[in-house]
Amino acid sequence: MEFSYEVKDSYAEVKADGRLNMVSAPKLREFVTDVIAGGSNRIVVNLENTAFMDSSGLGALIGCLKAARQAGGDLRIAAVQPQVKMVLQLTSMDKVLTAYPSVEEAFGND
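Values in this document were obtained by computation on a predicted structure and should not be read as measured data.

About the criteria used
- Residues numbered from 1 in each chain as written.
- Predicted model: local features only at pLDDT ≥ 70, side-chain atom pairs only at ≥ 80, totals over all residues.
- Heavy atoms only, no water.
- Helix = DSSP H or I, 4+ residues; strand = E, 2+ residues; numbered from the N terminus.
- Rg over C-alpha atoms; globule rule 2.2 N^0.38 Å.
- Buried < 20%, exposed > 50% of the residue type's maximum accessible area, 1.4 Å probe, protein only.
- Areas by Shrake-Rupley, 256 points an atom, 1.4 Å probe, with all protein chains shown as cover.
- Pairing = 2+ DSSP bridges.
- Contact = heavy atoms within 4.5 Å.
- Axes fitted to C-alpha atoms, helices over the stretch in contact; angles between N-to-C directions.

S.K.: What is the right way to look at the overall build of the protein in this model?
M.R.: Each helix and strand counted, the protein has four helices and seven strands in total. Relative to its length of 110 residues, the protein is compact, with a C-alpha radius of gyration of 12 Å against a globular reference of 13 Å. With the C-alpha coordinates aligned to their principal axes, the bounding extent of the protein is approximately 30 × 30 × 25 Å. Relative to its full complement of 110 residues, the protein shows a buried share of 41%. Of the roughly 5800 Å² of accessible surface on the protein, 49% is carried by carbon and sulfur atoms.

Next up, the structure:
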């Protein structure tokens, strides 16, 4: 899995390309922690190119959400693919991690 980020006006967009599983989950946590340490506590994780996520990936997203909130910010997800959306719904985590249709809409009204 590849990660990259870009700082926008009021948030940082983290792009996750590949499978979010037990191998890549710790890398996502570390990557987002580094983004937060760099001064961005409002983060949108762009899952447009993430076709698969398992429970480890879900745990990583929840951990990243907690880290962002502890830093006084928030973490949101965008462009969620069908399999990832199914995992969120089956675990009821779609109530905690609201999926937005696009990165721009995630913090669009804040």
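Once you've had a look at it, read on.
S.K.: Please explain the sheet that holds strand 4 (residues 42-46) as it appears in this structure.
M.R.: Whether parallel or antiparallel, the strands of a sheet pair through hydrogen bonds between backbone atoms. Judged by pairing direction, the sheet is mixed, and its five strands sit side by side in the order 1-2-4-6-7 without closing on themselves. Looking at strand neighbours, the two that pair on one side only are strand 1 (2-7) and strand 7 (99-100), the edges of this open sheet. Of the strand pairs in this sheet, strand 4 and strand 6 (residues 74-78) are connected by five bridges, and their pairing is parallel. Bridged to N46 within strand 6 is A78. Sitting on the sheet, helix 1 (residues 25-37) is in contact with strand 1, strand 2 (12-17), strand 4 and strand 6, with an inclination near 20° to strand 1. Against the sheet, helix 2 (residues 55-70) engages strand 4 and strand 6, with an angle of about 140° to strand 6.

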